[in-house]
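# Breakdown of the fold
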Amino acid sequence: MRDSPHTFIEEVPFYANYVELVRMLGRLGIDPFKSATPYFRISAASVLVMGILLLWTENVWIAAFAGAAQCPTDHDFYGDLRMSDCLTVVIPVYNEGANFRTLWADLVSQIRSRFIAFVVYDFPEDDTIPVARDIVATGENRIRLLQNNKGRGVVGAILTGFNQIEHGPVLVVMADSSDDLSRVEEMLNWYWKGYHIVVGSRYMKGGGIEGGPWVKQALSRLAGLSLYWLRGLPTHDATNAFKIYDRDILRLFPIESRGGFELNLELTVKAYLVGCAIAEVPCCWKDRTYGKSHFKLWAWLPRYMRWYLYAFRPRRRSRFLRDPIVT
Ligand SMILES: Nc1nc2c(ncn2[C@@H]2O[C@H](COP(=O)(O)OP(=O)(O)O)[C@@H](O)[C@H]2O)c(=O)[nH]1
Ligand SMILES: [Mg+2]
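Residues numbered from 1 in each chain as written. Chains lettered and ligands numbered in written order. Predicted model: local features only at pLDDT ≥ 70, side-chain atom pairs only at ≥ 80, totals over all residues.

### Concerning the overall build of the chain
Stated formally: Labels follow the DSSP assignment, with helices taken as runs of H or I lasting at least four residues and strands as runs of E lasting at least two, numbered in each case from the N terminus. Each residue is classed by its C-beta neighbour count within 10 Å, where at least 20 other C-beta atoms makes it buried, 12 or fewer makes it exposed, and intermediate counts make it partly exposed; the C-beta atoms are placed from backbone geometry. This entry defines residue contacts through backbone-placed C-beta atoms, with two residues in contact when those atoms are within 7 Å.
Looking only at helices and strands, one finds 10 helices and 9 strands in the chain. Classification of the 327 residues of the chain by burial places 35% in the buried group. A fraction of 83% describes how many contacts in the chain between residues 6 or more apart in sequence connect residues 24 or more apart.

### Here we look at the site of ligand 1
Which entries qualify depends on this criterion: Only the C-beta atom matters for this test: placed from the backbone, it must lie within 6 Å of a molecule or strand for the residue to be near it. Gly is put with the polar residues, along with every residue not named as nonpolar or charged; the nonpolar set is Ala, Val, Leu, Ile, Met, Phe, Trp, Tyr, Cys and Pro, and the charged set is Asp, Glu, Lys and Arg.
Not every one of the 20 residues close to ligand 1 is listed here, only the nearest: Pro92, Ala157, Ala175, Ser293 and His294. Mapped onto the shell around ligand 1, the elements with two or more residues apiece are strand 1 (87-93), strand 2 (115-121) and helix 6 (154-162). Of the residues belonging to the shell around ligand 1, the class tally is 11 nonpolar, 5 polar and 4 charged.

### Describing the environment of Phe118
Here Phe118 is to be found in strand 2. Phe118 has contacts with Thr88, Val90, Ile91, Arg144, Leu146, Gly161 and Gln164, leaving out every residue within four places of it along the chain.

### Some thoughts on the packing of helix 4 (residues 97-110) against helix 5 (residues 128-137)
What describes two packed helices is the angle between their axes and the distance between those same axes. Let me state the cut-off plainly: All axes are obtained by fitting lines to C-alpha atoms, using only the stretch in contact for helices, and the reported angles, taken between N-to-C directions, cover 0 to 180 degrees. Under this scheme an angle from 65 to 115 degrees is roughly perpendicular, one under 35 degrees roughly parallel, and one over 145 degrees roughly antiparallel; angles in between are oblique. Working rule for handedness: look at the near helix, and if it is turned counterclockwise from the far one by less than a right angle, call the crossing left-handed; if clockwise, right-handed.
In the contact formed by helix 4 and helix 5, the axes pass within 8 Å of each other and the chain directions differ by 30°. Considering the angle they form, helix 4 stands roughly parallel to helix 5. The crossing of helix 4 and helix 5 is right-handed. In this structure, helix 4 contributes Gly97, Phe100, Arg101 and Trp104 to the contact, and helix 5 contributes Thr128, Val131, Ala132 and Ile135. Its residues assigned to classes, the contact of helix 4 with helix 5 shows 5 nonpolar, 2 polar and 1 charged.

### Things to note about the confidence of the model for the chain
To keep things clear, this is the line we draw: One number per residue, pLDDT, summarises how confident the predictor is, and it ranges from 0 to 100.
Taken over all residues, the pLDDT of the chain has a mean of 83, while the share at 70 or more is 82%. Ignoring residues within four places in sequence, the model shows residues 3-11, a span with pLDDT below 50, making 17 contacts including any to other chains. The model gives residues 65-83 a pLDDT under 50, and that stretch makes 22 contacts with residues more than four places away or in other chains.

### Overview of the environment of Lys216
Tracing the sequence through the fold places Lys216 in helix 8 (residues 214-231). Owing to 15 C-beta atoms within 10 Å, Lys216 belongs among the partly exposed residues under this scheme. If we skip the residues at most four places from it in the chain, Lys216 touches Phe295 and Leu297.

### Observations regarding the packing of helix 9 (residues 262-273) against helix 10 (residues 297-310)
The contact between helix 9 and helix 10 brings their axes to 9 Å, and the two run at 5°. Classed by the angle they form, the pair helix 9 and helix 10 counts as roughly parallel. On helix 10, the residues touching Glu262, Leu265, Glu266 and Val269 of helix 9 are Trp300, Arg303, Tyr304, Trp307, Tyr308 and Tyr310. A breakdown of the residues in the contact of helix 9 with helix 10 according to their chemical character gives 7 nonpolar, no polar and 3 charged.

### Side note on the nonpolar core
For soluble globular proteins, the rule of thumb is that nonpolar side chains tend to be buried together. The following threshold applies: Core membership is restricted to buried Ala, Val, Leu, Ile, Met, Phe, Trp, Tyr and Cys residues, and these are joined into a nonpolar core through C-beta atoms within 7 Å.
In terms of nonpolar packing, the biggest core is built from 68 residues, with Val90, Ile91, Ile158, Val198 and Ile244 touching the most fellow members. No other element matches helix 9, which puts 7 residues into this core. Sequence-distant contacts of Ile244, that is, excluding residues within four places in its chain, are made with Pro169, Val170, Leu171, Met187, Leu188, Tyr191, Ile197 and Val198.

### Thoughts on the pairing of strand 5 (residues 197-201)
Heads up, the rule is: Any two strands with at least two DSSP-identified bridges between them are counted as paired.
Counting buried residues in strand 5 gives 5 out of 5 residues, a clear majority hidden from the surface. By the alternation rule, side chains of strand 5 split into Ile197, Val199 and Ser201 and Val198 and Gly200, which are all buried. For strand 5 and strand 7 (residues 243-246), the ladder comprises 3 bridges, and the chain directions are antiparallel. The residue of strand 7 that forms the bridge with Val198 is Ile244. As paired strands, strand 5 and strand 8 (residues 278-282) are joined by 5 bridges and run parallel to one another.

### Quick look at the environment of Val281
With respect to the element layout, Val281 can be found in strand 8. For Val281, a count of 24 C-beta atoms within 10 Å gives the class buried. When the C-alpha positions of Val281 and Ser201 are compared, they lie 5.7 Å apart, and in sequence the two are 80 residues distant.

### Focus on the pairing of strand 2
The condition that has to hold: Crossover handedness is defined by viewing with both strands directed away from the observer: a clockwise path from the first strand over the helix to the second marks the crossover as right-handed.
Most of strand 2 sits inside the fold, with 5 of its 7 residues counted as buried. Here 7 bridges tie strand 1 to strand 2, and the two strands are oriented parallel to one another. By the bridge assignment, Val89 is partnered in strand 2 with Ala117. With helix 4 bridging strand 1 and its parallel neighbour strand 2, the resulting β-α-β unit is right-handed. Bridge count between strand 2 and strand 3 (residues 143-147): 5 bridges; the pairing is parallel. Bridged to Phe118 within strand 3 is Arg144. The parallel pair strand 2 and strand 3 is bridged by helix 5, and the resulting crossover is right-handed.

Here it is, written out as C-alpha cells:
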C-alpha cells in the first residue's frame, strides 16, 4: 500500500509566483528594481501593481466559479478511496503489428510489479489487434484490447485508457519501443513514496535520446529545460509521454487537449499549477525501428505553445491535495 502519500506538499504562498518572476528576470540579467529614471521606476511599479491585481482577480474568479465547477466534491474524491497496488499501463497503438511482440516481451521482462495493460486502437482493422490476440491466446491475461471511444487520435486513445480505472498508478507507454522500460520499477518507487507524477526524463543527467528528427528534439529539449530553469517545474522533460500519473490527480483539472502529444505537457503543467508533487527518473528514448511516426510537429506546435505559456500562470494549491483516508 501507498504509505502516507501527499504529506510532503508544502503550501505555495500567493506571493511566491511574483518572487519567482523577479528571480527569473534576475537569471536573465534584468534587475527590475535598478532602472534608470524615477519616471521609469514609477511606470514599472504601476505596471507591476496592475499585473498583480489582474492575476489576483483572476485567481479570485477561478476560486469562486471555475474551481468549484471543475473540482470534484470531497465525497467524489475520497468517498471510495481504495488505492490500487496494481500498475495500469496504457499503450496507444496505430498499426504497430510489427512492433508489438518486442514491446510485450520488454514489458514482461522489465516490470516486476503486478500490472495490467490496455492496448487502445482507433479502428478494428488496426494490425496490432491480431498480434495482441495471438499473445492472449498463449495464456497471457494481462492484455486488454480496447477501442478508442474518445475521438480518433493518440489523445483519445490515452484518455480511453485512463478512464478504465478509478485509482492507482497509470503508466503511458509508446508501442514502438521508444521508452526505457528498465526504469519503470524505479519510477514506481517514487510513486509509492507519494509523488503524483513521475516523469521518464530524457534531458536530466543520465537521460538521453537516440535518433528522431533533430528539430523535434531541439524544441522539446528547449521547452523542457526552460520550464525547469525559468518556471521551476521539478522536471527537465515536461513534454515526454513516458510518465506515471496518480489516477486521482487527473480529476483535479479539466483535460482540454484534443489533438496530439501536447497532452503530456498539458497534464504536467496543470498538475504543477495545482500543487502536485512531481519526480523524475533519467531515461533513454530511442526512435522506432519499424513503421513511421505520426507526430505532426508543425501542426501541433501552436498547441504546445499554449500549454508552455500556461505554465507561467500563478500556482494555486488544490484543496483536494492532502492526506487521503487510507483504510
Ligand atoms: N490510437 C492511436 N495511437 C497513435 C496514433 N498516433 C500515434 N499513436 C501511437 O502513439 C505512439 C507514439 O507514436 P509515434 O507516431 O511513434 O510518435 P513519436 O514517437 O512521437 O514519433 C505509438 O504507440 C503509436 O502507435 C493515433 O492516431 N491513434
Ligand atoms: Mg515513436
